Each structure stands twice: as C-alpha cells, then as structure tokens.
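One letter stands for each residue in the lines below.
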Amino acid sequence: MEIRHLTAFVAVAEELHFGRAARRLQMAQPPLSQQIRQLERELGVQLFERNTRSVRLTSAGEAFLGPARKVLEDLDLAARAARAAGRGEYGRVTIGFAGASSHNTLPLLTRAVRAAHPGIELVLLGQTYANVALAKVAEGSLDLGFVRLPVTTPGIETRVIGEEELVCALPADHPLAGCDRIDLADLAGEPFVSFPANAGSSLRDATVKACVNAGFHPRIVQEAPDSYTILALVAAGVGVTLTLSSCLHVQQTGLVYRRLAGPGIRLQAALAWRSDNPSAALRAVLAVAEQALPTPRPATD
C-alpha cells in the first residue's frame, strides 16, 4: 500500500467526486481512478459505490477513512518534526558542567534555550570538571562542555564566556584574614583543601601552578569533590584554598575571601564543542548562547 493511494482515497472520500478530487490533487482523473482501484484490490474490499451520478462511501470505506486520515496526519507530523530538527528546533543536547563555578552562567543558558527552542531537551551532567568535560566533548559523549582555556585538543572549537580570578578562601579567624590582599608566598606553610588529584579539575591544576610559581608546592591535606564542600571545610578550619571569583556567591559562617597580591591570576571560562558535530540542535543552542552568554571584554586591574 502506498501513501499516494491513501492520499487519493481521502481526497475522493472528502469530495465524493472524482473530478473535484483530481483537481484538488492536481492530477488527471483516470490515474486517480486507477489508484483507487489498486487500493481496493490491495484491501480486497470496495471502498466506494459509484455511478454516473454520484459517489458514496461503502461501509468498508467509512471504516477505512478515519485510520487513513490518521496515517496521513502522522506522516505530516513526522515530516514537520524532521524539518524542525534539521533547523535545530528539536533534539537533545548534552552539557557537562562543574557546580559552583557555573552558578550564574548555566541558568542563563538553560532559560534562554527553553524560551527560544522549547523542543530542545538539555541533558545536564553536573560534577563534570573542566578537563573531563573537554575530554568527553572530544570523544563525542558530550555535545557541549563548560571548560577553561587554553584548549589545544584538535577538532575542538571554543568561545570565551567569562573570565574568573583566583582568590583565596580562608577561615575567618585565620591570621591572614585581616589582610586586604594575600601574598601567595605567605601560604607556603598552610594546609590546603582542594579537588582530588587526577580528577580533571582545572582549578586544582591552576592552584598547584600558582603556588609553584610563588616558590612552594601546596600541602593538600583534604580533598573534596566540589567547591561547596571545599569551602565548607575551609570554614570549619581544615585549611585554606584557592577558588574562583565565580564562587564568591558561596557564603558560609566562618569563611572569608581575599584577593591575591600582585597581578591577578585569571582563568578564562569557555564553551567547547566538536567542530564536526552534526547536531542542528547544538548549533541552535550555540546561537542562543551567543546572546545569553556573550564573550566579555578583557578585565583589567
């Protein structure tokens, strides 16, 4: 059974006139009559009672009309869904992000996508550290990742969405808490709280690099999987940490933040995706992100 046979049947059933149905379908009447006969042979029933004066549906034709219409409606719906997906108006996009540092940016993006493209489903995977997100984007298990520059992985495109500064978080009763700014070298003997080693945290990498540049290797006495827990441990007096300015919204009793002395140490936050990802939905999300998370101007001290 062919779709054109169903289309012909529905047209004749609604017009109850082969001439009008043929004009509606923009075809000649003899081929239309032939299609109806082919459909009747396929079904093994007569669908119409026809003579020189009138055309009427048989009981079999009346029973067949509703399901035939439903098939054509579903086909139209499927075609429109495919075209919408091709335009990026429908589909699924997986996004990897880390918790506290995405506190501001992620809601801006998700709200904007929902408003612009309600047919796009965003699958949000939290606790995906920047280096892990980058690796997953590269291997294709993530469509989009919140990462930090520099990114040198071949085949990956990025766009900067923010610039974050390293700041020191320490217990409120710490001797250095009274300083306006803290020299990193003064933390040489301090216990540190940080992310787990080899977990893909760009912040841990940046912490170690900054401390080594200041002349010491940080003594990490406690590890935790997210910034909220790390900052809670700092507030409890376990140690100090270097965190990002995007985490300053985390306010806890017994916790203070202080900027570092000297030129600011900044990390660029970015979105990363595979340049060969064929997803039209991803392209639609990236277009929305251009407006919701515009690339900022470089910050100055």
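Keep in mind it's a predicted model, so treat the numbers as computed, not measured.

Reading the values: the criteria
- As a convention, each chain's residues are numbered from 1 in the sequence order in which they are written.
- Side-chain atom pairs in this predicted model are given and counted only at pLDDT of 80 or more, local residue features only at pLDDT of at least 70, and totals for whole chains, interfaces and linings cover all residues.
- Computation of side-chain values covers all heavy atoms of the structure but excludes hydrogens and water.
- Note on geometry: axes are lines fitted to C-alpha atoms, helical ones only across the stretch in contact, with angles between N-to-C directions running from 0 to 180 degrees.
- Starting at the N terminus, helices and strands are each numbered in turn, a helix being any DSSP run of H or I of at least four residues and a strand any DSSP run of E of at least two.
- Should an angle fall under 35 degrees it is called roughly parallel, over 145 degrees roughly antiparallel, and 65 to 115 degrees roughly perpendicular, with every other angle called oblique.
- Crossing handedness: left-handed means the near helix sits turned counterclockwise from the far one by under a right angle, and right-handed means the same turn made clockwise.
- Any two residues whose heavy atoms approach within 4.5 Å at even a single point are treated as in contact.
- Throughout, the ten residues Ala, Val, Leu, Ile, Met, Phe, Trp, Tyr, Cys and Pro are labelled nonpolar, Asp, Glu, Lys and Arg are labelled charged, and all others, Gly among them, are labelled polar.
- Summary of the burial criterion: residues with accessible area below 20% of their type's maximum are buried, those above 50% are exposed, and those between are partly exposed, where the area comes from a 1.4 Å probe applied to protein chains only.
- Note on aromatic contacts: the rings of Phe and Tyr and the six-membered ring of Trp form a pair at centre separations within 6.5 Å, being stacked when their planes are under 30 degrees apart, edge-to-face when over 60 apart, and tilted otherwise.
- Should a side-chain nitrogen of Lys or Arg be within 4 Å of a carboxyl oxygen of Asp or Glu, the pair is scored as a salt bridge.

Student: I tried to follow the packing of helix H1 (residues 3–15) against helix H4 (residues 59–86) on my own but got confused; where do I start?
Tutor: A pair of packed helices is captured by two measures, namely the crossing angle of their axes and the spacing between those axes. Contact geometry of H1 with H4 gives a least axis separation of 9 Å together with a crossing angle of 125 degrees. In this view, H1 runs oblique relative to H4, as classed from their interaxial angle. As for the relative orientation of H1 and H4, their crossing is left-handed in sense. On the side of H1, the interface is formed by Ile3, Leu6, Thr7, Phe9, Val10, Ala13 and Glu14, while H4 contributes Gly61, Phe64, Leu65, Ala68, Arg69, Val71, Leu72 and Leu75. Residue composition of the contact of H1 with H4, by class: 11 nonpolar, two polar and two charged.

Student: Would you explain the environment of Gly254 in this entry?
Tutor: For Gly254, the location among the structural elements is in the loop between strand E10 (241–244) and strand E11 (255–260). Look at Gly254 and you get partly exposed, because its relative accessible area is 26%. Placed 83 residues apart in sequence, Gly254 and Pro171 show a C-alpha to C-alpha distance of 5.6 Å. Excluding anything up to four places from it in sequence, Gly254 contacts Leu170, Pro171, Ala172 and Ala235.

Student: Explain the packing of aromatic side chains here, please?
Tutor: For any pair of aromatic rings, geometry is given as the distance between the ring centres together with the angle between the planes. Applying the stated criterion across every chain, the model contains five aromatic pairs. Measuring from centroid to centroid gives 6.2 Å for Phe18 and Phe48, while their planes differ by 70 degrees, and the two rings are edge-to-face. Here Phe48 lies in strand E1 (residues 48–50) and Phe18 lies in helix H2 (residues 18–24), a separation of 30 residues in the sequence. A relative accessible area of 8% means that Phe18 is categorised as buried. Relative to Phe195, the ring of Tyr129 lies with its centre 5.3 Å away and its plane at 75 degrees, an arrangement referred to as edge-to-face. Linking Tyr129 in the loop between strand E4 (120–125) and helix H6 (130–139) with Phe195 in the loop between strand E8 (191–194) and helix H7 (202–213), this pair joins segments that are 66 residues apart in sequence.

Student: How do you make sense of the pattern of salt bridges when you look at a structure like this?
Tutor: A side chain of one charge can pair with a side chain of the opposite charge when the charged atoms of the two come close. According to the stated counting rule, one finds 15 salt bridges in the structure shown. Arg24 is paired through a salt bridge with Glu15; the nearest N and O atoms lie 3.3 Å apart. Residue class for Glu15 comes out partly exposed when judged on its relative accessible area of 24%. The salt bridge involving Glu165 is made with Arg259; its shortest N-O contact spans 3.0 Å. You can see Glu165 sitting in strand E6 (residues 156–171) and its partner Arg259 sitting in strand E11, a full 94 residues away along the chain. We classify Glu165 as buried; its relative accessible area is 11%. In this structure Arg259 comes out as partly exposed when scored by relative accessible area, which is 32%. Each of Glu14, Glu15, Arg20, Arg24 and Arg69 takes part in one network of salt bridges that share partners.

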